[in-house]
Amino acid sequence: MMEYARYEEQEWQPKRSPTGGLSSNAIGWLLAGIAIGAGAALLLAPGSGRELRSAIAGGYRRTWDGVRGGISRGTRELRERGSNLLNFNRYRAKG
(Lines give C-alpha, C1' and ligand atoms only; values in the text may rest on other atoms or scores of the structure.)
Protein backbone atom coordinates (compact mmCIF):
# COMPACT_ATOMS: atom_id res chain seq x y z
CA MET A 1 0.00 0.00 0.00
CA MET A 2 2.80 2.42 0.73
CA GLU A 3 4.20 2.06 -2.83
CA TYR A 4 0.91 3.10 -4.41
CA ALA A 5 0.63 6.14 -2.17
CA ARG A 6 4.07 7.27 -3.25
CA TYR A 7 3.15 7.08 -6.96
CA GLU A 8 -0.15 8.88 -6.42
CA GLU A 9 1.68 11.86 -4.96
CA GLN A 10 3.79 12.32 -8.07
CA GLU A 11 2.13 13.72 -11.11
CA TRP A 12 3.44 12.17 -14.30
CA GLN A 13 4.98 14.62 -16.76
CA PRO A 14 6.25 13.69 -20.24
CA LYS A 15 9.94 14.14 -20.80
CA ARG A 16 10.86 17.09 -22.96
CA SER A 17 14.05 18.42 -24.37
CA PRO A 18 15.58 21.49 -22.70
CA THR A 19 14.09 23.69 -25.42
CA GLY A 20 10.62 22.37 -24.68
CA GLY A 21 9.97 20.92 -28.14
CA LEU A 22 11.25 18.13 -30.33
CA SER A 23 14.88 17.30 -29.88
CA SER A 24 17.28 18.07 -32.70
CA ASN A 25 17.89 14.35 -33.06
CA ALA A 26 14.21 13.73 -33.82
CA ILE A 27 14.15 16.57 -36.33
CA GLY A 28 17.28 15.17 -37.98
CA TRP A 29 15.67 11.74 -38.35
CA LEU A 30 12.52 13.35 -39.74
CA LEU A 31 14.51 15.26 -42.37
CA ALA A 32 16.51 12.14 -43.25
CA GLY A 33 13.25 10.22 -43.73
CA ILE A 34 11.85 12.94 -45.95
CA ALA A 35 15.02 12.96 -48.08
CA ILE A 36 15.04 9.15 -48.44
CA GLY A 37 11.34 9.13 -49.35
CA ALA A 38 11.80 11.86 -51.93
CA GLY A 39 14.77 10.06 -53.46
CA ALA A 40 12.85 6.78 -53.67
CA ALA A 41 9.89 8.56 -55.26
CA LEU A 42 12.14 10.09 -57.92
CA LEU A 43 13.77 6.75 -58.68
CA LEU A 44 10.46 4.93 -58.95
CA ALA A 45 8.55 7.62 -60.86
CA PRO A 46 7.00 6.21 -64.06
CA GLY A 47 7.51 9.36 -66.17
CA SER A 48 10.57 10.86 -67.80
CA GLY A 49 12.67 13.56 -66.20
CA ARG A 50 11.06 16.26 -68.33
CA GLU A 51 7.55 15.13 -67.34
CA LEU A 52 8.57 14.95 -63.69
CA ARG A 53 10.08 18.46 -63.73
CA SER A 54 6.96 19.78 -65.44
CA ALA A 55 4.71 18.14 -62.82
CA ILE A 56 6.84 19.52 -59.97
CA ALA A 57 6.80 23.01 -61.50
CA GLY A 58 3.02 22.85 -61.97
CA GLY A 59 2.54 21.75 -58.38
CA TYR A 60 4.80 24.53 -57.20
CA ARG A 61 2.85 27.10 -59.20
CA ARG A 62 -0.51 25.85 -57.91
CA THR A 63 0.77 25.88 -54.33
CA TRP A 64 2.25 29.36 -54.68
CA ASP A 65 -0.95 30.67 -56.30
CA GLY A 66 -2.96 29.18 -53.43
CA VAL A 67 -0.70 30.75 -50.81
CA ARG A 68 -0.77 34.10 -52.59
CA GLY A 69 -4.57 33.95 -52.86
CA GLY A 70 -4.89 33.07 -49.17
CA ILE A 71 -2.64 35.96 -48.18
CA SER A 72 -4.64 38.30 -50.41
CA ARG A 73 -7.96 37.15 -48.91
CA GLY A 74 -6.55 37.41 -45.39
CA THR A 75 -5.21 40.90 -46.04
CA ARG A 76 -8.53 42.04 -47.49
CA GLU A 77 -10.46 40.57 -44.53
CA LEU A 78 -8.07 42.17 -42.06
CA ARG A 79 -8.50 45.58 -43.73
CA GLU A 80 -12.28 45.21 -43.62
CA ARG A 81 -12.25 44.27 -39.94
CA GLY A 82 -9.91 47.15 -39.14
CA SER A 83 -12.13 49.57 -41.03
CA ASN A 84 -15.23 48.26 -39.25
CA LEU A 85 -13.52 48.58 -35.88
CA LEU A 86 -12.38 52.13 -36.67
CA ASN A 87 -15.90 53.13 -37.77
CA PHE A 88 -17.40 51.53 -34.66
CA ASN A 89 -15.01 53.44 -32.40
CA ARG A 90 -15.79 56.70 -34.21
CA TYR A 91 -19.51 56.04 -33.80
CA ARG A 92 -19.10 55.33 -30.06
CA ALA A 93 -17.00 58.48 -29.59
CA LYS A 94 -19.74 60.65 -31.12
CA GLY A 95 -22.60 59.08 -29.15
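Nothing here was measured: the structure is a model prediction, and the numbers come from that model.

## Remarks on the overall build of the chain
Of the regular secondary structure elements, the chain holds three helices and zero strands. The order of helices and strands in the chain, counted from the N terminus, is α-α-α. Out of the 95 residues in the chain, the part that is buried amounts to 3%. Total accessible area on the chain is roughly 9300 Å²; 61% of this is exposed by carbon and sulfur atoms.

## A short note on the environment of Arg68
Residue placement: Arg68 occurs in helix α3 (residues 49-94). Here the side chain of Arg68 touches Asp65 through a polar contact of 2.8 Å, side chain to side chain.

## A look at the pattern of salt bridges
Going through the model one piece at a time under the given rule, you end up with two salt bridges. Taking the shortest distance from any N to any O, the salt bridge between Asp65 and Arg68 comes out at 2.8 Å. A residue pair is termed a helical-turn pair when its members lie 3 or 4 positions apart in one helix, as Asp65 and Arg68 do in helix α3 at three residues. Residue classification places Asp65 among the partly exposed residues on the basis of a relative accessible area of 45%. For the salt bridge of Arg81 with Glu77, the shortest nitrogen-to-oxygen distance reads 2.8 Å. Residue Arg81 and its partner Glu77 are both found in helix α3; the two are separated by four residues, about one turn of the helix. Classification of Glu77 by relative accessible area gives partly exposed; the value is 39%.

## Notes on the confidence of the model for the chain
In the predicted model, the chain carries a mean pLDDT of 82, and the fraction of residues at 70 or more is 76%. Across the chain, α3 holds the top mean pLDDT of 91, while helix α1 (residues 2-9) sits lowest at 60.

What counts and how
Residues numbered from 1 in each chain as written. Predicted model: local features only at pLDDT ≥ 70, side-chain atom pairs only at ≥ 80, totals over all residues. Heavy atoms only, no water. Helix = DSSP H or I, 4+ residues; strand = E, 2+ residues; numbered from the N terminus. Buried < 20%, exposed > 50% of the residue type's maximum accessible area, 1.4 Å probe, protein only. Areas by Shrake-Rupley, 256 points an atom, 1.4 Å probe, with all protein chains shown as cover. Polar contact = N/O pair within 3.5 Å; in protein donor to acceptor, adjacent residues only side chain to side chain. Salt bridge = Lys/Arg side-chain N within 4 Å of Asp/Glu carboxyl O. pLDDT = per-residue confidence, 0-100.

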